[in-house]
Amino acid sequence: MTRLLALTLAAFTATAALAQDLIDKGFVEGWNIMMDPALGNGCLIQTVYQDLSVVRIGYDALDNRGYFAVYNKAWGDIKQGESYPIRFELDGKSYDATAIGFNERDVPGATVFFTDRSFVNAIAQNKTLTVYNPAGDVVMAIDLNGTAKALEYARECQNREL
């Protein structure tokens, strides 16, 4: 019980640290629906996994693009603004991409931007997302359960219906 409480508190702390400037729009299927004023009030979904990785999928309304971002305090070697070649798979279908390193409130992370909005639908229609580093090692694998419903709410948020 104490371990579960500690994990819950740590997850809450990780989320709170990264969500300070975000506007809460609700909670759906394990994902927070939020709006980011720093990205032109772009809407996003965010969740925290057991390893305390924070995952965001959203819209950058300033540059008319989508993004997939992952933060984790354990990734201290990621440098702000550096490019990192990665490969990721959605239910086994492989994509090559470039992730951009950043640090948000001293938590390192990486973002993949995309301009094909249908890619959000591809994420929603799959069950797992696995990210690989250039050496082919798994960086992380996440369960996308509930993502379709959460992204539906993010679209409504983006269309200003929430």
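These lines cover the structure that appears in this document, whether it is placed above or below. (Residues numbered from 1 in each chain as written. Predicted model: local features only at pLDDT ≥ 70, side-chain atom pairs only at ≥ 80, totals over all residues. Heavy atoms only, no water.)

**Notes on the state of the cysteines**
A disulfide bridge is the covalent bond that connects two cysteines by way of their sulfur atoms.
Inference 1: Summed over all chains, the structure comprises 1 disulfide.
Inference 2: Through a disulfide, Cys-43 is tied to Cys-157; the S-S separation comes to 1.9 Å. Every disulfide takes its handedness from the sign of the S-S torsion; for Cys-43 and Cys-157 that torsion is -65 degrees, giving left-handed. Separated by 114 residues along the polypeptide, Cys-43 in strand β3 (residues 42-48) and Cys-157 in helix α3 (residues 147-158) bring together distant segments of the chain. Note on accessibility: Cys-43 and Cys-157 belong to one class, buried. (Disulfide = S-S within 2.5 Å. Helix = DSSP H or I, 4+ residues; strand = E, 2+ residues; numbered from the N terminus. Buried < 20%, exposed > 50% of the residue type's maximum accessible area, 1.4 Å probe, protein only.)

**Some thoughts on unusual backbone geometry**
Inference 1: The phi torsion at Leu-52 lies on the positive side, around 70 degrees, for a residue other than glycine.
Inference 2: Mapped onto the fold, Leu-52 is located in the loop between β3 and β4 (54-60).
Inference 3: Of note, the phi angle at Asn-64 is positive, near 50 degrees, even though the residue is not glycine.
Inference 4: Here Asn-64 lies in the loop between β4 and β5 (65-71).

**Overview of the pattern of salt bridges**
Inference 1: In this structure the tally under the stated criterion is 5 salt bridges.
Inference 2: Across the pair Glu-89 and Arg-87 runs a salt bridge whose closest N-O atoms are separated by 2.8 Å.
Inference 3: Residue Lys-149 is joined to Glu-152 by a salt bridge in which the shortest nitrogen-to-oxygen separation is 3.9 Å. Here Lys-149 pairs with Glu-152, and both are found in helix α3, just 3 residues apart, close to one helical turn.
Inference 4: Look at Lys-149 and you get partly exposed, because its relative accessible area is 37%. (Salt bridge = Lys/Arg side-chain N within 4 Å of Asp/Glu carboxyl O.)

**Thoughts on the side chain of Ser-53**
Inference 1: Of note, Ser-53 is situated in the loop between β3 and β4.
Inference 2: A distance of 2.8 Å separates polar atoms of two side chains, one belonging to Ser-53 and the other to Asn-72. (Polar contact = N/O pair within 3.5 Å; in protein donor to acceptor, adjacent residues only side chain to side chain.)

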